[in-house]
Amino acid sequence: MDRRKSIKAMFAGTVTSGFMFSGCLTDKEAELKSSDIAEGEIVAGGGYGRTPEELARDQRLVSETFFNEHEMATIAVLADLIIPADESSGSATDAGVPEFIEFIVKDMPWHQTPMRGGLMWLDHESNRRYDLEFIKASEDQQKAILDDIAYPDEVKPQFEHGAQFFSRIRNLVATGFFTSKMGIEDLGYQGNVPNVWDGVPRDVLEKHGLEYDEKILTQSIKPEERNDVMSWDDYEV
Amino acid sequence: MSFQIKKNASVYDICIVGSGAGGGMAAKVLSEAGYKIALMEAGPRFDPANPEQQTQLKWSYESPRRGAGTTRAFGDFDMAYGGWEIDGEPYTRKDDTKFDWFRSRMLGGRTNHWGRISLRFGPLDFKRKDFDGKGDNWPIGYDDVKPWYDKVDKLIGVFGTREGLANEPDGYFLPPPKPRLHEMYLKKYGEQMGLPVIPARLSILTKRIDTRRGACFYCNQCSRSCTIYGDFSSSSVLVKPALEYDNVDLFVNAMVREVLTDENGKATGVSFINKTDMEEYQVKAKVVILAASACGSARILLNSRSEKYPNGLGNSSGLIGRYLHDSTGADRAALIPSLMDRKRYNEDGVGGMHLYVPWWMKDASKHGFTRGYHIEFWGGMGMPSYGTGFGMENLNGLVAGKDGNMKKAGGYGASLKDDVRRFYGAVVGMSGRGESIPQKDNYCELDPEVVDQYGIPVLRFHYKWTDDERQQAKHMQDTFEELLTNMGGIMLGDKPGADEDHGLHNPGRIIHEVGTTRMGDDPKTSVVNRYNQLHDVKNVFVMDGGPFVSQADKNPTWTILALAWRASEYLNEEIKKMNV
Ligand SMILES: Cc1cc2nc3c(=O)[nH]c(=O)nc-3n(C[C@H](O)[C@H](O)[C@H](O)COP(=O)(O)OP(=O)(O)OC[C@H]3O[C@@H](n4cnc5c(N)ncnc54)[C@H](O)[C@@H]3O)c2cc1C
Ligand code: SF4
């Protein structure tokens, strides 16, 4: 195996915990990862460990369509108003959020009527105000509607239904974005790789006014000993 | 060796039903002793290292629902084939009972995804009645079980620390991992309240115990089952080695219906439905061990009706199914403002908490309840999955924004996006898991009308909590609130009041259901003897949580394992003495 690659993989895993012991993680361990699957490739277990029944269900859902084109276009506009691009990452549509929402409402049918109805509500409100469908309204006009429904604690009675819908789609957009590859990177989640936990980085502990006391330090696992086979010779219970 | 059979002429020495904690242990111990064994499992084969089944190290976005729990109760990557409801395998409830029953149908049962919290019962836990007058004592005590706990520790591996606490026995512990940041907070403020905040005791290999299994590489995903077997699952740690012997035949997709008996009332084997062809078959055996989970085994016994045993096998006491009890549970969470805007680093750690609080009071009666509970912690910068970013309107109005001004809850746009980042890793929660008092009137029985898709009569549950459990939940809520508030936390959601039983979960929800074939010396008041053997039928044993007289303020599995090992050795001796 390529030694350089394995050191890189190891580094990726351990440097984040502020700590690196060469030899703590074996080459084989450092290489472990979720399988890379090319798009469109058919893989056993659907590529994420499905049972045959689960896989059949996934495939059925994917083959169905719930939202029509206009609804999808409205979702896309809303999604990017909720999660726009900024200096750290792209927008909700860049991260494929509308496609995620299309799948989720088929997977969780209880979202269907509130979502479809909510989109209708939005067009109705936009037509009422501007004589325009929501997606045809200007961004300022769109935001004026959102301002009336995006703050659940102070919604006027006539906007209650809109606010209910907005909370739902805000949830779906936010979660769709922050669970995408782009969103996870944006959030800075650094796990899901083989690594060796050796505690909270020292500077972080200090910042929070905490420290590992002598007891914790002596009793905790030493990273370099993790691959030794435990011996009970001098151990008494 | 393993195969699925159509017809089997051979007679096995031992037939084991179920491959979870209890069945796996029996298979391991008795296969080593050389017996010819038929291991019956209602679900399919499972190996976490099988790429078709593996979910470890998958990213949320590899699932189209981002890991949501639509088809698997605890999320897409959780390693339980089954859940609270299983198609074609119903159960029913009566008298407004809210009992929920979690089943996993797969090799290894529920040990593939369990929480790995591996606690010994303490001396008091076997003799609670002596102390508080409620329920019943176990016929055995800590000293009877201690040697088996010791063996389980060494065979399977568990991390922890020797603390010398009176009713939290120490074991053969691997070194624990260092605490995470939120756990350091909980330790600091918990200790100020006088709570013992100590390293968790989880069956995860922070260090190797043999050359078969790898050491944990800290992915926080034990609930997905570990591809290098760094955590304990019965499938990989017990059944896999047992199958390396020629004398074990594994029958998968084999749904056992009943235990067969002869005219003398002795068991002769089991009948089962092969799920693949939906036909019924029989396996002959000289001894039958039931380990289909506490309610699963009770169901098989109740369904084993004959002229000699009209109320089911081993049921002369009429107690099979009775004294069903689960742990109590209640939870609460808070936003910890000082954990906002956290520096990012890999905080995965092991697949569970690094610290916990064992029960700390000697006597709780002045608080209006009898038995104790332990506290589990959660929090940290975990892998974002379905639900991450939900409910921002419940968080972002609680604290000042980056500019120092309070915000209106909710919103959208760049500032909302930034809020998700700010709150990531700032919510900390805790769960109390406590001991309930077993009641004869809480039970499962056969539903007189309903069968499952295999034609097997199903269970019907009747279960009511008492004030003991409700008052305990109230105390949990008060403790959570005090600790989280001391940490500077802003409590999330309303504190559940008496009208909601103080947030006490429905029975069954903590998935520690035990007691349905309880142990005792008197055949009139118990179903099995001190060695998990039916009083009525000497060649039938129950080796799951059924024989528990009481469930301590601990999780049950380490005790299931220890008792199964102990009972298997007893069976081995009895066979040698020709007593069964
Ligand atoms: C989410 C979760 C977290 C948990 N966390 C912990 C924890 O941290 N600590 C702890 O101690 N416990 C925990 N538990 C509980 C633990 O999983 C159980 O105590 C343990 O698995 C019980 O072992 P068992 O052998 O009795 O049954 P199971 O593990 O349920 O195994 C029973 C097996 O029998 C099979 N079976 C059932 N009926 C039949 C039949 N008729 N014919 C053939 N086969 C049959 C099933 O398919 C299954 O494989 C947790 C459970 C869950 C669900
Ligand atoms: S946390 Fe450790 S033991 Fe658990 S699955 Fe990950 S590597 Fe395996």
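These numbers come from a predicted model, not from an experiment.

Enquirer: Teacher, can you tell me more about the overall build of chain A here?
Expert: Each helix and strand counted, chain A has 11 helices and 0 strands in total. Starting at the N terminus and walking to the C terminus, you meet the elements of chain A as α-α-α-α-α-α-α-α-α-α-α. Burial statistics for chain A: of 237 residues in total, 48% are counted as buried. For chain A, contacts bridging at least 24 residues in sequence account for 64% of all contacts bridging at least 6.

Enquirer: Looking at this structure, I do not really get the site of ligand 1. What am I missing?
Expert: All names here are of chain B. The environment of ligand 1 is made up of 36 residues, and the closest members are E41, R110, G115, I117 and T557. With respect to ligand 1, the backbone of R116 contributes an N or O atom lying 3.3 Å from an oxygen atom. Considering ligand 1 on its own, with 990 Å² of exposed area, one finds that the protein chains cover 94% of that surface. Contributions of two or more residues to the shell around ligand 1 are made by α1 (21-32), β8 (254-261) and α9 (557-576).

Enquirer: How do you make sense of the nonpolar core when you look at a structure like this?
Expert: Within soluble globular proteins, side chains that are nonpolar generally end up buried alongside one another. I101 of chain A together with M40 and I289 of chain B are the most contacted members of the largest nonpolar core, which totals 222 residues. The element that contributes the greatest number of residues to this core is α9 of chain B, accounting for 10 residues. No fewer than three residues from each of domain 1 (10-187) and domain 2 (195-227) of chain A sit in this core. When residues no more than four places from it in sequence are discounted, the contact partners of I289 of chain B are I14, C15, I16, V17, A26, L30, F541, M543 and L571 of chain B. Counting 5 residues, the second-largest nonpolar core is a separate cluster that includes A42, M255, I273 and I456 of chain B.

Enquirer: Would you mind going over the side chain of E574 of chain B with me for this structure?
Expert: Residues and elements named next belong to chain B. Here E574 lies in helix α9. Its relative accessible area of 10% is what places E574 among the buried residues. Not counting chain neighbours up to four residues away, the residues in contact with E574 comprise N579 and V580.

Enquirer: I keep staring at a negative patch on the surface and nothing clicks. Help me out?
Expert: On the surface, E206, E211, D213 and E214 of chain A cluster together into a negatively charged patch. Counting through the fold element by element, E211 of chain A comes out in the loop between α10 (202-207) and α11 (214-219).

Enquirer: So what exactly am I meant to see when it comes to the interface of chain B and chain A here?
Expert: How big an interface is tends to be expressed through the accessible area that disappears when the partners come together. Listed per partner, the contact involves 89 residues of chain B and 97 residues of chain A. Both sides of the chain B and chain A interface together cover about 8200 Å² of buried area, and 60% of this is carbon and sulfur. Sorting the residues of chain B by area buried against chain A places K178, Y412 and K417 of chain B first, and these three jointly supply 11% of that buried surface. At the junction of chain B with chain A, the criterion picks out 12 salt bridges.

Enquirer: Mind showing me how you'd approach the pattern of salt bridges here?
Expert: Opposite charge on two side chains allows them to pair when their charged atoms are near. Residue and element names in this part refer to chain B. Counting across every chain of the model gives 72 salt bridges over all chains. A salt bridge links D418 to R421; the nearest nitrogen and oxygen atoms lie 3.1 Å apart. One end of the pair, D418, and the other, R421, are both in helix α7 (residues 414-423), 3 residues apart, so they sit about a helical turn from each other. On the basis of relative accessibility, which here comes to 21%, the residue D418 falls in the partly exposed class. The buried category is assigned to R421, whose relative accessible area is 11%. Here D478 ties to K474 by a salt bridge, and the two come within 3.5 Å at their closest N and O atoms. Of the two residues, D478 and K474 are both situated in helix α8 (residues 467-486); the distance of 4 residues between them amounts to about one turn of the helix. By relative accessible area, which is 30% here, D478 ends up partly exposed. Given the relative accessible area of 33%, K474 is considered partly exposed.

Enquirer: Would you take a moment to explain the environment of P147 of chain B for this structure?
Expert: Counting through the fold element by element, P147 of chain B comes out in helix α3 (residues 142-156). Each C-alpha atom, one on P147 of chain B and one on H354 of chain B, is 26 Å from the other, the two residues being 207 residues apart in sequence.

Enquirer: Would you take a moment to explain the sheet that holds strand β14 (residues 427-434) of chain B for this structure?
Expert: Within a sheet, each strand pairs with its neighbour through backbone hydrogen bonds, oriented either parallel or antiparallel. All names here are of chain B. In spatial order, the strands read β6-β12-β13-β14-β11-β17; together these 6 strands make up an open sheet with antiparallel pairing. Every other strand in the sheet has two partners, leaving β6 (198-199) and β17 (490-491) as the edge strands with one partner each. When β6 meets strand β12 (residues 355-357), the two strands line up antiparallel, connected through 2 bridges. Note on β12: the bridge partner recorded for P199 is L355.

Enquirer: What exactly am I supposed to notice about the environment of S234 of chain B here?
Expert: Position of S234 of chain B among the secondary structure elements: in helix α5 (residues 234-243). C-alpha separation for the pair S234 of chain B and G23 of chain B, spaced 211 residues apart in sequence, amounts to 8.4 Å.

Enquirer: Any chance you could explain helix α7 (residues 139-149) of chain A here in plain terms?
Expert: Two residues of an α-helix separated by three or four positions point the same way, owing to the 3.6 residues in each turn. Buried residues of α7 of chain A: Q142, I145, L146 and I149 of chain A, and no others. For α7 of chain A, the angular spread of buried residues about the axis comes to 100°, placing them on one side.

Enquirer: Help me understand the sheet that holds strand β16 (residues 457-462) of chain B in this model?
Expert: All names here are of chain B. Taken together, the 3 strands give an open sheet; going across it, the order is β4-β16-β15, and neighbouring strands pair in mixed fashion. Each edge of the sheet is formed by a strand with only one pairing partner; in this case those strands are β4 (92-93) and β15 (443-451). Here β4 pairs with β16 via 2 bridges, running parallel. Among the inter-strand pairings, T92 is bridged to a residue of β16, identified as R460. On the sheet, helix α6 (residues 294-303) packs against β15 and β16 and is oriented at approximately 60° with respect to β15.

What counts, and where the lines are drawn
- Residues numbered from 1 in each chain as written.
- Chains lettered and ligands numbered in written order.
- Predicted model: local features only at pLDDT ≥ 70, side-chain atom pairs only at ≥ 80, totals over all residues.
- Heavy atoms only, no water.
- Helix = DSSP H or I, 4+ residues; strand = E, 2+ residues; numbered from the N terminus.
- Buried < 20%, exposed > 50% of the residue type's maximum accessible area, 1.4 Å probe, protein only.
- Contact = heavy atoms within 4.5 Å.
- Near = heavy atom within 4 Å.
- Polar contact = N/O pair within 3.5 Å; in protein donor to acceptor, adjacent residues only side chain to side chain.
- Areas by Shrake-Rupley, 256 points an atom, 1.4 Å probe, with all protein chains shown as cover.
- Core = buried A, V, L, I, M, F, W, Y, C linked by side-chain atoms within 4.5 Å.
- Domains from an automatic or database assignment.
- Patch = residues over 30% accessible without salt bridge, like charges linked within 9 Å, V, L, I, M, F, W, Y side chains within 5 Å.
- Salt bridge = Lys/Arg side-chain N within 4 Å of Asp/Glu carboxyl O.
- Lys, Arg positive; Asp, Glu negative; His and termini not counted.
- Charge placed at Lys NZ, Arg CZ, Asp CG, Glu CD.
- Buried area = accessible area lost by both parts, 1.4 Å probe.
- Pairing = 2+ DSSP bridges.
- Arc of directions from axis to C-beta.
- Axes fitted to C-alpha atoms, helices over the stretch in contact; angles between N-to-C directions.

From the geometry alone we can't say anything about function, so treat these as descriptive.
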